[in-house]
Amino acid sequence: LSGVAMLILTSAMTRTSTTVKFNDRSNELIESTAAAEAAVEKVVARMMVDYQIDAESRVSNNLSLYRTSVPTASENPAMGNFIFSDGQGNNNRTYIARTTTEANPPYIALKNQYEGLSGFAATYRIVSNARRSGSANNIVGTAQQEVYLAEIPVYQFAIFYNSLMEYTWAAPLTVRGRVHANTNIYVGSSCDLIFKY
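Quantities reported herein were computed from a predicted structural model and do not represent experimental measurements.

Colleague: What exactly am I supposed to notice about the overall build of the protein chain here?
Modeller: A count of helices and strands for the protein chain gives two helices and eleven strands. When the helices and strands of the protein chain are listed from N to C terminus, the series reads α-α-β-β-β-β-β-β-β-β-β-β-β. Whereas a compact globule of 197 residues would reach a radius of gyration of roughly 16 Å, the protein chain reaches 27 Å, over 25% beyond that. Taking the principal axes of its C-alpha atoms as reference, the protein chain extends roughly 95 × 45 × 30 Å.

Colleague: What should I look at first to understand the environment of Tyr 51 in this one?
Modeller: Considering the arrangement of structural elements, one finds Tyr 51 in helix H1 (residues 2-61). Tyr 51 sits 98 residues away from Leu 149 along the chain, and the two C-alpha atoms are 8.1 Å apart. Those residues within four positions of Tyr 51 in sequence are excluded, and the remaining contacts are Glu 56, Val 59, Leu 149, Ala 150 and Glu 151.

Colleague: How do you make sense of unusual backbone geometry when you look at a structure like this?
Modeller: The general pattern is negative phi for most residues beyond glycine and trans for most peptide bonds. Of note, the phi angle at Ala 55 is positive, near 60°, even though the residue is not glycine. For Ala 55, the position within the fold is in helix H1. Residues other than glycine seldom take positive phi values, yet Asn 138 does so here, at roughly 55°. Mapped onto the secondary structure, Asn 138 falls in the loop between strand S4 (118-132) and strand S5 (140-151).

Colleague: Looking at this structure, I do not really get a nonpolar patch on the surface. What am I missing?
Modeller: Nonpolar side chains collect at one region of the surface, where Met 6, Leu 9 and Met 13 lie side by side and expose about 320 Å² of accessible area between them. Along the chain, Met 13 turns up in helix H1. Exposure remark for Met 13: the relative accessible area of 54% places this residue in the exposed category.

Colleague: It is not clear to me how the packing of aromatic side chains should be interpreted in this structure. Could you clarify?
Modeller: Geometrically, a pair of aromatic rings is defined through the distance of the ring centres and the angle of the planes. By the definition in use, this model includes three aromatic pairs. Consider the rings of Tyr 107 and Phe 120, whose centres lie 5.0 Å apart with planes at 55°: the pair is tilted. Taken together, the residues span a long stretch of sequence, with Tyr 107 in strand S3 (residues 107-109) and Phe 120 in strand S4 at a distance of 13 residues. Using a relative accessible area of 39% as the deciding quantity, one classes Tyr 107 as partly exposed. When the centroid spacing of 5.1 Å and the interplanar angle of 65° are considered together, the rings of Phe 157 and Phe 160 count as edge-to-face. On the accessibility criterion, Phe 157 (18% relative accessible area) is buried. The class of Phe 160 is partly exposed, set by a relative accessible area of 38%.

Colleague: Please explain the pattern of salt bridges as it appears in this structure.
Modeller: Close approach of charged atoms lets side chains of opposite charge pair. Counted according to the given criterion, the structure contains five salt bridges. Between Arg 58 and Asp 50 there is a salt bridge; the shortest N-O distance is 3.3 Å. The exposure class assigned to Asp 50 is buried, which follows from its relative accessible area of 8%. Note that Glu 146 and Arg 125 form a salt bridge whose closest N and O atoms lie 2.5 Å from each other. Linking Glu 146 in strand S5 with Arg 125 in strand S4, this pair joins segments that are 21 residues apart in sequence.

Basis of the calculations
The numbering scheme is per chain: residues are counted from 1 as the chain's sequence reads. Totals for whole chains, interfaces and linings use every residue, but because this is a predicted model, local features are given only for residues with pLDDT of at least 70 and side-chain atom pairs only at 80 or more, for both listing and counting. Here the side-chain values reflect all heavy atoms present in the structure, with hydrogen atoms and water set aside. Starting at the N terminus, helices and strands are each numbered in turn, a helix being any DSSP run of H or I of at least four residues and a strand any DSSP run of E of at least two. What the globule rule says is 2.2 Å times the number of residues to the power 0.38, and the radius of gyration is computed from C-alpha atoms. The contact criterion used is simple: two residues touch if any of their non-hydrogen atoms lie within 4.5 Å. Exposure above 30% relative accessible area and no salt bridge define the residues that can form patches, which grow by joining like charges within 9 Å and nonpolar side chains of Val, Leu, Ile, Met, Phe, Trp and Tyr within 5 Å. Here the Shrake-Rupley method, with its probe set to 1.4 Å, supplies the accessible areas, and only the displayed protein chains count as covering residues. Definition used for salt bridges: Asp or Glu carboxyl oxygen within 4 Å of a side-chain nitrogen of Lys or Arg. Only protein chains enter the accessibility calculation, which uses a 1.4 Å probe. A residue is then buried if its area is under 20% of the maximum for its type, exposed if over 50%, and partly exposed in between. Classification of ring pairs uses Phe, Tyr and Trp, with its six-membered ring standing for Trp, and accepts pairs whose centres are within 6.5 Å; under 30 degrees between planes counts as stacked, over 60 as edge-to-face, and the remaining range as tilted.

Printed below as a string of structure tokens:
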């Protein structure tokens, strides 16, 4: 009877130990992936600022700066627990490459919610790997993001309005081109007002 009890106890302890190891590995993967996402988002944030300053040319010229941009312990103490890499064997680096092959951003149909809209666009791929330093599991979390930088010429619109667009007491009107307003479009005219796009 004692032998059977010891066998059951040993089985229960082994199962508990295995469950704890699986949970620890799962938690480490989640933490490492979150750290890798933080590295990718840091690069995206820098790209956004550079793009607003001088469009795609500045982003293209700063790729070497982005590659050395990883989260540090001074920004967040938790980041000091991770080793970042670019997936090509280089530590403390983030992978970034311009996947658009043309030297200048080509004028193409944009991939977004506004069907038929075109612009000058370039795509960048950002990848970061992170693993907890000193971990016995050696689990690597990975994050990848495709960034689509596009300049959209305003001349594609029949009407492009910066603020509230309002139609009251308007004559019958059919707008055959694209219409955009940065806020709401109010139509209160008693006459026919037709927007094709």
